[in-house]
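# Working through the structure, step by step
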Amino acid sequence: MCMVHAILTKRYNILFFLLLVLLFVFELSLGRCLQEDAFISFRYAQNLVEGHGLVYNPGERVEGYTNFLWTMMIAAAMQRGIDPIDFARYAGMLCSLILVLVVYLVSHRHDTVCNVTGGLIAAAIVAANPSIGFEGVQGMETIFFSLLVTAGVLLGVQGRSVDADFSYKHEWRIIWSTLILFLAALTRPEGLGVFCLVTIAALLWAFKHNHATCLRWECLVLVMFVTLYAPYWTWRYNYYGWLFPNTFYAKTGGGLWHVVRGIKYELQFLVYNPVIGFLTFWGISCLFANWRRQRRHRKLLSTKSDVAPLGLISGGVIIGYLIYVIIIGGDFKPSFRFIIPVLPLWAVMLDLAISRFGWPFLNRCIRLCKYNNFFTNTQRTQTVFAMIFLAAVVFNAGFSLPAIIKKMHVAAWDLTARKACGLWLAENAPKGSVLAIHSAGIIPFYSKLYTIDMWGINDVHIAHKKMPNMGRVHPVGHEKNDPVYVFSRKPTHFIDEWTYVTKDLLPSEMRWFRFKNKDFPQIRKRYRERSVPLMIDDGSGLQRYWFNFLTLVK
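Predicted model, so just to flag it, every value in this text is computed and none were measured.

## A closer look at helix α2 (residues 38-49)
In this model, α2 (12 residues) spans 17 Å end to end at C-alpha, consistent with the 16 Å of a helix rising 1.5 Å per residue. Most of α2 sits inside the fold, with 10 of its 12 residues counted as buried. Buried residues of α2: Ala 38, Phe 39, Ile 40, Ser 41, Phe 42, Arg 43, Tyr 44, Ala 45, Gln 46 and Asn 47, and no others. Two residues or fewer after α2 comes Gly 51, characterised by a positive phi angle close to 90°.

As structure tokens, then:
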């Protein structure tokens, strides 16, 4: 039996290595397709390095980022002369590979999973999901944050596994878990919510069994986290002056409409990931059937099992986080980046549910199958079905891959075109020019001009404005605007979101269609249209494009 286990483990490791290679090759094939919002963090880091402080525009303290630790890492790289694009891209790729490794090791070392699927199901759900690879090269903190959440929660679960007298086996892992979740809270504000969910679940676990030692440990963890997090929160509140980041105010305010949108967002995730949805439904059904059978025989699940804290803590984090995503209304990207932070935990739970509860159900079905003779060997049966599950998870990638590839091409083109526009403004715009733009990432970063963010991510006034149709218009998270306020500040240049670069010179009657609205006659009088030629490499070599914008008439 030991020899069989060793052979299977070797095969599992080989297949896992192939999954890592698949993910790495996929990320390399995506190229430089960083997201627009990544350059907002780059601009904050750039201003910090140049001595202006952690600000978007020098002299204005607005918290238009939600990734403090990631931004500080980028600033450290820029301080050493490293290109922020390369740093963010390769750091994200590295984090994605480590994330898959963590998921595999945790699942593989669990006895029940190791004897059935070897942890490959959990690893494949993460590694074969195109969203993981795509977000890994987008330059954002999503994968880094997911890694911290996954490692922090799973370490906390391992630290809270109990021995025969219901005492924690690995208390120091709880300390490490707290430190990692503190880093997660520095990376994104949701990290604070993850820690709270873990603490609440652990306290419920300890209160249920009324164990004083466990309660003391949870109180110690709470004091430790507050001691670490309070100085950071105090600093950011005194520095920016608001309880929450400016992005929170800019992207919320839709009330019930945001909830409806959030539900649609998560349902869409299941549509694009039907295998994950099926395995989740099947795992919950098997768990419920097992609970009914245990109750019928008056045998409850062992409360001292290491599965219990894993289910309570990890399950609590997953459910709580998904509820939070519903409340904030989801996101506009096809990669479902708001769900990715809990997808690795979700994968671990699915692998465990399949191995512990789903396998007995399969074995009972096999006994009734007319091909029973083929499945008389238990090890052969487990291997066959494990490979079927693994193939299904890999096949699941095909549902979302087309949308990811399409988004990749759009992001790559935007980076190329907007960079060219930003560099032109940096060289040709008069000193002291003010730029008004909706996508306030790439062009402002390269132009280094004072910028009015027309979606309010980096503007306090727009972020706090009440919008009548909030939660019902698109794009998601970029619904607030106030053009009258923006143009009352007389920006020198205005770049339209949809016609900033064109292959052909547009006739004047087709350009700036938004300014034909009756609300903007005075604004149009103060601005004139301008188009300048740019040589941009669109993949087929340098081609001439037109950079279109409005210029203030003095």
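## Looking at unusual backbone geometry
One non-glycine residue with positive phi stands out, namely Phe 336, at about 55°. Structurally, the position occupied by Phe 336 is in the loop between α15 (307-328) and α16 (343-367). Given a relative accessible area of 3%, Phe 336 falls into the buried group. Residues other than glycine seldom take positive phi values, yet Lys 448 does so here, at roughly 60°. Locating Lys 448 in the fold gives a position in the loop between α18 (442-447) and β2 (450-453).

## Here we look at the packing of aromatic side chains
Across all of its chains, the model carries 38 aromatic pairs by this definition. The rings of Tyr 44, Tyr 56, Tyr 65, Phe 68, Phe 182, Phe 195, Phe 225, Tyr 229, Tyr 232, Trp 235, Tyr 239 and Tyr 240 are connected pair by pair, giving a single aromatic cluster. Looking at Arg 43, its charged tip hangs above the ring of Tyr 56, at a distance of 4.3 Å from the centre. Here the guanidinium or amino end of Lys 503 rests over the ring plane of Tyr 545, the centre of that ring lying 4.6 Å away.

## Concerning the pattern of salt bridges
Taken as a whole and judged by the stated rule, the model has 13 salt bridges. The partner of Glu 63 in a salt bridge is Arg 236, and the shortest N-O contact between them spans 2.6 Å. With Glu 63 in the loop between α2 and α3 (68-79) and Arg 236 in helix α11 (residues 212-240), this pair connects stretches of sequence that are 173 residues apart. For the pair formed by Glu 63 and Arg 236, the shared burial category is buried.

## A word on the environment of Ile 313
Structurally, Ile 313 can be placed in helix α15. On the basis of relative accessible area, Ile 313 is assigned to the buried category, the value being 1%. When residues no more than four places from it in sequence are discounted, the contact partners of Ile 313 are Val 153, Val 157, Arg 160, Val 198, Ala 201 and Ala 202.

## Regarding the nonpolar core
Phe 39, Phe 42, Val 153, Trp 346, Leu 425, Ile 495 and Phe 547 are the most contacted members of the largest nonpolar core, which totals 126 residues. Looking at which element gives the most residues to this core, the answer is helix α8 (residues 142-159), with 10 residues. Here Trp 346 is in contact with Phe 269, Leu 270, Ile 276, Thr 280, Ile 318, Leu 322 and Ile 339, once residues within four sequence places are set aside. With 12 residues, the next largest nonpolar core counts Val 434, Ala 436, Phe 487 and Phe 494 among its residues.

Criteria and cut-off values
Residues numbered from 1 in each chain as written. Predicted model: local features only at pLDDT ≥ 70, side-chain atom pairs only at ≥ 80, totals over all residues. Heavy atoms only, no water. Helix = DSSP H or I, 4+ residues; strand = E, 2+ residues; numbered from the N terminus. Expected span 1.5 Å × (residues − 1). Buried < 20%, exposed > 50% of the residue type's maximum accessible area, 1.4 Å probe, protein only. Phe/Tyr/Trp six-rings, centres within 6.5 Å; stacked < 30°, edge-to-face > 60°. Lys NZ or Arg CZ within 6 Å of the ring centre and 35° of its normal. Salt bridge = Lys/Arg side-chain N within 4 Å of Asp/Glu carboxyl O. Contact = heavy atoms within 4.5 Å. Core = buried A, V, L, I, M, F, W, Y, C linked by side-chain atoms within 4.5 Å.

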